Amino acid sequence: MSDEAAIPRFRRGVKFRRDAVRDAWVLLAPEKLYLPDETAVEILKLVDGERCVGAIADDLAARFDAPRDLILTDVGATLDDLAAKGAVQF
Amino acid sequence: MGLILELTHRCPLQCAYCSNPLTLDAPKSELGADEWKRVLDEAAALGVLQVHFSGGEPVARRDLVELVAHASGRGLYTNIITSGVLLTEAAMASLLAAGIDHIQLSFQDAEVAEADRLGGYRGGHAKKLEAAKRIREAGLPLTANFVVHRQNVDRVEAMIALGEALGADRIEIAHVQYYGWGLLNRSALLPMPDQLEHCTAAVQAARTRLKGVLTIDYVVPDYYAARPKACMGGWGKLFINVSPSGKALPCHAAETLQGFTFPSVRDQALADIWATSDAFTRFRGDSWMPDPCKSCDRREIDWGGCRCQALAIAGDAASVDPACALSPDHDLMRQAIDQARDASPALTPRRLAGV
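What you see is a predicted model, and the numbers here were worked out from it, not measured in a lab.

**Side note on the interface of chain A and chain B**
Buried accessible area, meaning the area lost when the parts come together, often serves as the stated size of an interface.
Line of reasoning, step 1. In this complex, chain A contributes 18 residues to the contact, which on the side of chain B involves 27 residues.
Line of reasoning, step 2. Connecting chain A to chain B are 5 salt bridges.
Line of reasoning, step 3. Notably, a salt bridge pairs Asp169 of chain B with Arg11 of chain A, separated by 3.2 Å at the nearest N-O pair.
Line of reasoning, step 4. Linking chain A with chain B are 12 residue pairs in polar contact (both at pLDDT 80 or more), by the criterion used here.

Pasting the structure below:
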């Protein structure tokens, strides 16, 4: 799993944006399209190339009623999965 | 949802496995820029998120830049699927200014003489290498696509190494799909079992080695499958393909299917075509499925496989995809491999004038 200090960012050519037709967030990548679930959307909104994995977990822990450890696991798993798919890199 | 626009069937290359139909659309029948723009507008309103400008060779259209700019202005993610031989420095700069998001560049081989032979275009491979460099220098993500078959698959490691050296973000190792020109040349192109095994192992090893650096998409040949592929992600489920002359198709090979009238985007709105046309609804979902598909646990995984293959091999578009081991016609796939084993490697090149 990615380190807490690792800084995720979208790979070149990847766009995370709101789609008006679906009224939902979409992740657009070269010849791939992902419709992230609510948890992933909250995580991806914080991917800015500056925040590290730990800082993303801190932010979410302050806003959502869940233990930081659990959130950190979710953040790591979500971002690792998208890294394997080529949408995110550390 | 994705929209594939085959802007033209014109192409400087003559690949014998081209995915275009055997009867190609004449240049004079192609939609004009305003018609393509209307299709893009309708697609965006319908919920299409990505548009793939394809062909033929899409860069052969003088208005490609204008169309990319229009799509980009509608918020569509724009992709060009190109041979790269016309992607000059000036073309690259204009496409970048128009807001292109990604380019997929095709290669015929990693070895120059073979690549030029298979593409039927002398000097083509060198132009592709230049195009790849331009794409990466422009800061765009690059997908290097290699179509593999009996005559080049033994060099798969060199292909992956080339993609890596060019700075690709994605590599596609795609076995030929046997429709149209590929089907015509099947006996000369089908890989042998040991070749497929070698290729699959090489891709697996490269994926492990290149984890986090680039991703490799691997498309396997149906002829060795036990279960069919989810062709186009399911009929009328994820993609609309528009031919150069404006026919809306559920997949690029669908024109081989008899008994269909494919609606034209010239006459009918895309939303209408998508929702109500016989062409898009006949094999959508699972209610059309024959036995054993309709009771199969995988029916919403593979959506019954490929209708064009069912027609081409089993003779009936509504039958079980013969790629499936449960198809009564599955043995025809093995027979095709047996027939290919000692067949001549001579290829019929793709030509606008036809076979």
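**Things to note about a negative patch on the surface**
Line of reasoning, step 1. There is a patch of like negative charges on the surface, built from Asp154, Glu157, Asp194 and Glu197 of chain B.
Line of reasoning, step 2. Position of Glu157 of chain B among the secondary structure elements: in helix H6 (residues 156-165).

**Some words on the pattern of salt bridges**
Line of reasoning, step 1. According to the stated counting rule, one finds 37 salt bridges over all chains in the structure shown.
Line of reasoning, step 2. Measuring nitrogen to oxygen at the nearest pair gives 3.9 Å for the salt bridge that ties Arg155 of chain B to Glu114 of chain B. Placement of Arg155 of chain B in the loop between strand S5 (142-148) and H6 and of Glu114 of chain B in helix H4 (residues 112-119) is noted, with a sequence separation of 41 residues between them.
Line of reasoning, step 3. For Arg299 of chain B, the salt bridge goes to Asp286 of chain B, with nearest N and O atoms at 3.3 Å. Taken together, the positions of Arg299 of chain B in helix H12 (residues 299-302) and Asp286 of chain B in the loop between helix H11 (278-281) and H12 put the pair 13 residues apart, joining distant regions of the chain.
Line of reasoning, step 4. Classification of Asp286 of chain B by relative accessible area gives partly exposed; the value is 27%.
Line of reasoning, step 5. Counted as one network, the salt bridges with shared partners bring together Glu31 and Lys32 of chain A together with Arg170, Glu172 and Asp217 of chain B.

**Section: the state of the cysteines**
All names here are of chain B.
Line of reasoning, step 1. As enumerated under the stated definition, the model contains 0 disulfides over all chains in all.
Line of reasoning, step 2. In this structure Cys306 is a free cysteine whose sulfur lies 3.8 Å from that of Cys231, the closest cysteine sulfur available.
Line of reasoning, step 3. Here Cys324 stays unpaired: no disulfide links it, and the sulfur of Cys296, its closest cysteine neighbor, is 6.5 Å away.
Line of reasoning, step 4. When its relative accessible area of 9% is taken as the criterion, Cys324 is described as buried.

**Remarks on the nonpolar core**
Line of reasoning, step 1. Formed by 86 residues in total, the largest nonpolar core has its most connected members in Leu3, Leu5, Phe53, Leu87, Ile160, Ile173 and Ile216 of chain B.
Line of reasoning, step 2. Among the elements that make up this core, the one with the highest residue count is helix H1 (residues 33-46) of chain B (6 residues).
Line of reasoning, step 3. Apart from residues no more than four positions distant in its own chain, Ile160 of chain B is found in contact with Ile171, Ile173, Ala202, Val203, Ala206, Arg209, Leu210 and Ile216 of chain B.
Line of reasoning, step 4. Phe16, Val47, Val53 and Leu60 of chain A belong to the second largest nonpolar core, which has 22 residues in total.

**Concerning the sheet that holds strand S3 (residues 24-29) of chain A**
Hydrogen bonds between backbone atoms are what pair the strands of a sheet, whose relative direction is either parallel or antiparallel.
All names here are of chain A.
Line of reasoning, step 1. In space, the 3 strands of this open sheet follow the order S2-S3-S4, with antiparallel pairing throughout. A strand with exactly one partner marks an edge of an open sheet, and here the two such strands are strand S2 (15-19) and strand S4 (32-34). On average, adjacent strands in this sheet sit at an angle of 30° to one another, irrespective of strand direction.
Line of reasoning, step 2. In terms of strand pairing, S2 meets S3 through 5 bridges, oriented antiparallel. Looking across to S3, one finds that Arg18 is bridged to Trp25.

So, how was this worked out
- Residues numbered from 1 in each chain as written.
- Chains lettered and ligands numbered in written order.
- Predicted model: local features only at pLDDT ≥ 70, side-chain atom pairs only at ≥ 80, totals over all residues.
- Heavy atoms only, no water.
- Contact = heavy atoms within 4.5 Å.
- Salt bridge = Lys/Arg side-chain N within 4 Å of Asp/Glu carboxyl O.
- Polar contact = N/O pair within 3.5 Å; in protein donor to acceptor, adjacent residues only side chain to side chain.
- Patch = residues over 30% accessible without salt bridge, like charges linked within 9 Å, V, L, I, M, F, W, Y side chains within 5 Å.
- Areas by Shrake-Rupley, 256 points an atom, 1.4 Å probe, with all protein chains shown as cover.
- Lys, Arg positive; Asp, Glu negative; His and termini not counted.
- Charge placed at Lys NZ, Arg CZ, Asp CG, Glu CD.
- Helix = DSSP H or I, 4+ residues; strand = E, 2+ residues; numbered from the N terminus.
- Buried < 20%, exposed > 50% of the residue type's maximum accessible area, 1.4 Å probe, protein only.
- Disulfide = S-S within 2.5 Å.
- Core = buried A, V, L, I, M, F, W, Y, C linked by side-chain atoms within 4.5 Å.
- Pairing = 2+ DSSP bridges.
- Axes fitted to C-alpha atoms, helices over the stretch in contact; angles between N-to-C directions.

None of the figures reported here should be taken as evidence of function without further support.
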